[in-house]
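Spelled out, the chains give:
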Amino acid sequence: MLFAMAHPVTRRTLLRALVGTAAGVGLAGATWSATRGRRTPSKTAGAPSTHSGTTASSTAPPGPLTGIVVGIDPGHNGDNWEHTSYINQSVWNGREEETCDTTGTQEANGYTEAQFAFNVAQYLAATLQAQGATVVLTRTTNSGYGPCITERAGIVNNAGAHVAVSIHADGGPVDGRGFSILEPVASGVNDAVISASQLLGEHVRSAFLSETPMPVSDYYGVNGIVPRDDLGGLNLTTVPKVMVECGNMPNPTDAALLIDPGFQQQAAAALAKAITAFLATSSDHPSKTPVTTT
Ligand SMILES: [Zn+2]
């Protein structure tokens, strides 16, 4: 779920990019119970997830994606809701002020968008790494908070990713169904990757339709495509990137899919297929030279 709110709070700076690894991929939440209900406060939350520590991947076997860097941004974070002063801080999103992040949405029984996005990201990372890709994740747990949207964009940009996806699920009308793909609008920073991002979006739409049972959104966008000029994750990207609302959490039919590990794996497979197809058709891969945007 992506929307902008402005709250004037002190700007903070986070530390470093994380490089994900397929080793020991933990799919926290894959065994989530529908009876769990609302979350309870964590006793261990204390630092943004970027501080939780992860090691760089060096074990990816050679494969068709060797030499390719893929950015994966699982939207939100599991403890964002406990850290409102942090996530409500105002950041410059390349066009206007936006909050650092939001809590994201959830389905009727409390299963969160943050958990969904994290699980899909882990499946996707493992799939891509098995094909030789280097994967850069903007967060590697679902038990922390942050980083801000600006930091997420910076992590992927600075890694010199060839392509990136941001994984979300929407909080739309209860009777609305389907996935949608949010694409960047020229902001100055992202001008060089607009057309490539649109190409990526076409591949994501095709792959979702072929690899998952989720339909194109019937309430948002045009045939599932939504240009957005108000999101830092898109305004600040210097690599081809789209944000995918993989379904609509308030809708019971969509929610039954979104909480299902089987669907989560299908969504990851669709994204992997789209990324591979994009890389095969795009002729203007960005340089791997790190680019700073903030
Ligand atoms: Zn979201």
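Residues numbered from 1 in each chain as written. Predicted model: local features only at pLDDT ≥ 70, side-chain atom pairs only at ≥ 80, totals over all residues.

## Here we look at the overall build of the chain
Point 1. In terms of regular secondary structure, the chain is built from seven helices and eight strands.
Point 2. The burial tally for the chain puts 53% of its 294 residues in the buried class.
Point 3. Contacts spanning at least 24 positions in sequence make up 88% of the contacts within the chain whose residues lie at least 6 apart. (Helix = DSSP H or I, 4+ residues; strand = E, 2+ residues; numbered from the N terminus. Buried ≥ 20, exposed ≤ 12 C-beta atoms within 10 Å, placed from the backbone. Contact = placed C-beta atoms within 7 Å.)

## Digging into the sheet that holds strand β6 (residues 180-184)
Point 1. Spatially, six strands are ordered β4-β1-β5-β8-β6-β7 in an open sheet, and the strand pairing comes out mixed. Every other strand in the sheet has two partners, leaving β4 (134-137) and β7 (225-228) as the edge strands with one partner each. Averaged over all pairs of adjacent strands, the angle between their axes in this sheet comes to 25°, without regard to strand direction.
Point 2. Pairing between β6 and β7: four bridges, direction parallel. Within β7, the position partnered with Ile-181 by the bridge is Ile-225.
Point 3. The strands touched by helix α7 (residues 261-281) within the sheet are β1 (69-74), β5 (163-170) and β8 (241-248), with β5 carrying the most contacts at an inclination of about 150°. (Pairing = 2+ DSSP bridges. Axes fitted to C-alpha atoms, helices over the stretch in contact; angles between N-to-C directions.)

## Some thoughts on the packing of helix α4 (residues 194-211) against α7
Point 1. Where α4 meets α7, the closest approach of the two axes is 8 Å, and the angle between their N-to-C directions is 140°. It follows that α4 is oblique to α7 by the angle criterion. Helix-helix and strand crossings are classified by hand; for α4 and α7 the assignment is right-handed. Contacts between α4 and α7 involve Leu-199, Leu-200, His-203, Val-204, Ala-207, Phe-208 and Glu-211 on the former and, on the latter, Gln-266, Ala-269, Ala-270, Leu-271, Lys-273, Ala-274, Ala-277, Phe-278 and Thr-281.
Point 2. Per-class residue counts for the contact of α4 with α7 are eleven nonpolar, three polar and two charged. (Parallel < 35°, antiparallel > 145°, perpendicular 65-115°, else oblique. Left-handed = near helix turned anticlockwise from the far one by under 90°. Nonpolar A, V, L, I, M, F, W, Y, C, P; charged D, E, K, R; others polar.)

## Digging into the nonpolar core
Point 1. One finds Val-70, Val-120, Leu-124 and Leu-271 to be the most contacted residues of the largest nonpolar core, which totals 71 residues.
Point 2. A per-element tally of this core places helix α2 (residues 113-130) first, with ten residues.
Point 3. When sequence neighbours within four positions are dropped, the list of residues in contact with Leu-271 reads Leu-124, Val-165 and Val-204. (Core = buried A, V, L, I, M, F, W, Y, C linked by C-beta atoms within 7 Å.)

## Notes on the environment of Ala-192
Point 1. Within the element layout of this structure, Ala-192 appears in the loop between β6 and α4.
Point 2. A residue is classified by how many C-beta atoms lie within 10 Å of it, and Ala-192, with 15 of them, is partly exposed.
Point 3. A sequence separation of 46 residues divides Ala-192 from Thr-238, and the C-alpha atoms of the two residues are 7.2 Å apart.

## Quick notes on the confidence of the model for the chain
Point 1. Within the chain, residue pLDDT values average 83, and 76% of them lie at 70 or more.
Point 2. Long-range and interchain partners of residues 49-58, a stretch whose pLDDT sits below 50, account for 33 contacts in this model, where long-range means more than four residues apart. (pLDDT = per-residue confidence, 0-100.)

## Re unusual backbone geometry
Point 1. Backbone torsion omega between Gly-146 and Pro-147 reads -5°, so that peptide bond is classified as cis.
Point 2. Structurally, Pro-147 can be placed in the loop between β4 and α3 (149-158).
Point 3. In this structure, His-76 is a non-glycine residue whose phi angle is positive, near 65°.
Point 4. For His-76, the location among the structural elements is in the loop between β1 and α1 (84-87).
Point 5. At Asn-223, a position not held by glycine, the phi torsion is positive, near 50°.
Point 6. Counting through the fold element by element, Asn-223 comes out in the loop between α4 and β7.

## Describing the packing of α2 against α7
Point 1. One can describe the packing of α2 onto α7 by two numbers: an axis separation of 8 Å at closest approach and a directional angle of 50°. Comparing the axis directions of α2 and α7 gives the class oblique. In terms of crossing hand, the pair formed by α2 and α7 is right-handed. Listed contacts from α7 to Phe-116, Asn-119, Val-120, Tyr-123, Leu-124, Thr-127 and Leu-128 of α2 are Gln-264, Gln-265, Ala-267, Ala-268, Ala-269, Leu-271, Ala-272 and Ile-275.
Point 2. Each residue belonging to the contact of α2 with α7 can be placed in one class, and the counts come to eleven nonpolar, four polar and no charged.

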